[in-house]
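# An overview of the molecular structure
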Amino acid sequence: DQQVKQNSPSLSVQEGRISILNCDYTNSMFDYFLWYKKYPAEGPTFLISISSIKDKNEDGRFTVFLNKSAKHLSLHIVPSQPGDSAVYFCAAKSPGTYKYIFGTGTRLKVLA
Amino acid sequence: GAGVSQSPSNKVTEKGKDVELRCDPISGHTALYWYRQSLGQGLEFLIYFQGNSAPDKSGLPSDRFSAERTGGSVSTLTIQRTQQEDSAVYLCASSYRDTSNAEAFFGQGTRLTVV
């Protein structure tokens, strides 16, 4: 049972344009959501998070949107840069637990 | 170092042998996690430790897998009688939990290949 789903395994975007990565979840109890970026042969690196009491969080070029009614999370990267090319994972946790549930990842390729 | 350190970075072992993977978390971090990523898959939760509480072992795939965390710091993940399906990148992460939500910081992983 995949509680966190990233249905697009890959995405290609032109440099300078917006990248939108999507994530859907099934557990309405999730209260905290995160995005990680992973380069080959490296561990995932934390990018940005959002609590379920918010619907948007912004950090520089990265913005995360949360739509609780749709159980949908998205990460926007504007403008996209070639260095953003990586695999992006979304993750979620339930209140009172320390266990993050990860999606299967989306490989983003930003074309110069 | 300032980050999560894992050793070895690569391990090739024969089927049926036992392996130990080590994780040094960030100093002062109270929570420690183990995940694994099989080829083409997402991150699969294995186990986490939080302070002196009993660990959450709900993600361990079989009783061949075990982990311990000594002195609230270093952790060792042990896989007994390794199988080819155990081949994956094993990732350790740690976080500082003075709040209910905190991001986890990952190490670079140990790539385990069972031949």
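This write-up is about the structure you can find in this document. (Residues numbered from 1 in each chain as written. Chains lettered and ligands numbered in written order. Predicted model: local features only at pLDDT ≥ 70, side-chain atom pairs only at ≥ 80, totals over all residues. Heavy atoms only, no water.)

### Some thoughts on the state of the cysteines
Going by this rule: Any pair of cysteine sulfurs within 2.5 Å is marked as a disulfide. The helix count covers DSSP runs of H or I at least four residues long, the strand count covers runs of E at least two residues long, and both are numbered beginning at the N terminus. Only protein chains enter the accessibility calculation, which uses a 1.4 Å probe; a residue is then buried when its area is under 20% of its type maximum, exposed when over 50%, and partly exposed in between.
If you walk through the whole model with that rule in mind, you get two disulfides over all chains. Note that A:C23 is cross-linked by a disulfide to A:C90, the S-S spacing being 1.9 Å. Handedness here is read from the sign of the S-S torsion; for A:C23 and A:C90, about 65 degrees, the answer is right-handed. Linking A:C23 in strand β3 (residues 19-25) with A:C90 in strand β9 (residues 86-93), this pair joins segments that are 67 residues apart in sequence. Each member of the pair, A:C23 as well as A:C90, carries the same accessibility label: buried. For B:C23, the disulfide goes to B:C92, at an S-S distance of 1.9 Å.

### Focus: the layout of surface pockets
Just so we agree on the cut-off: A cavity here means a set of 1 Å grid points, computed over protein atoms only, where a 1.4 Å probe fits but cannot escape. A pocket is an open set with protein on both sides within 12 Å along at least 5 of 7 lines, and lining residues have an atom within 4 Å of a point. Grid points are joined across faces, edges and corners, and a volume is the space filled by probe spheres set on the points. Classes in brief: Ala, Val, Leu, Ile, Met, Phe, Trp, Tyr, Cys and Pro nonpolar; Asp, Glu, Lys and Arg charged; the others, Gly included, polar.
What the largest pocket holds in volume is close to 640 Å³. In this structure, the largest pocket is lined by 29 residues; those nearest its centre are A:K38, B:Q37, B:L39, B:V89 and B:R111. At the level of secondary structure, the elements contributing two or more residues to the lining of the largest pocket comprise β9 and β11 (106-111) of chain A together with β8 (88-95) and β10 (110-114) of chain B. Counting residues per element, the lining of the largest pocket draws most heavily on β10(B), at four residues. Its boundaries defined by the atoms lining it, the second largest pocket holds a volume of some 410 Å³. Lining the second largest pocket are 24 residues, with A:I101, A:F102, B:L43, B:E44 and B:F45 sitting closest to its centre. Of all elements in the fold, only β10 (101-102) of chain A together with β4 (31-37) and β5 (43-50) of chain B reach the threshold of two or more residues within the lining of the second largest pocket. Residue contributions to the lining of the second largest pocket peak at three residues, all from β5(B). Counted by class, the lining of the second largest pocket contains seven nonpolar, twelve polar and five charged residues.

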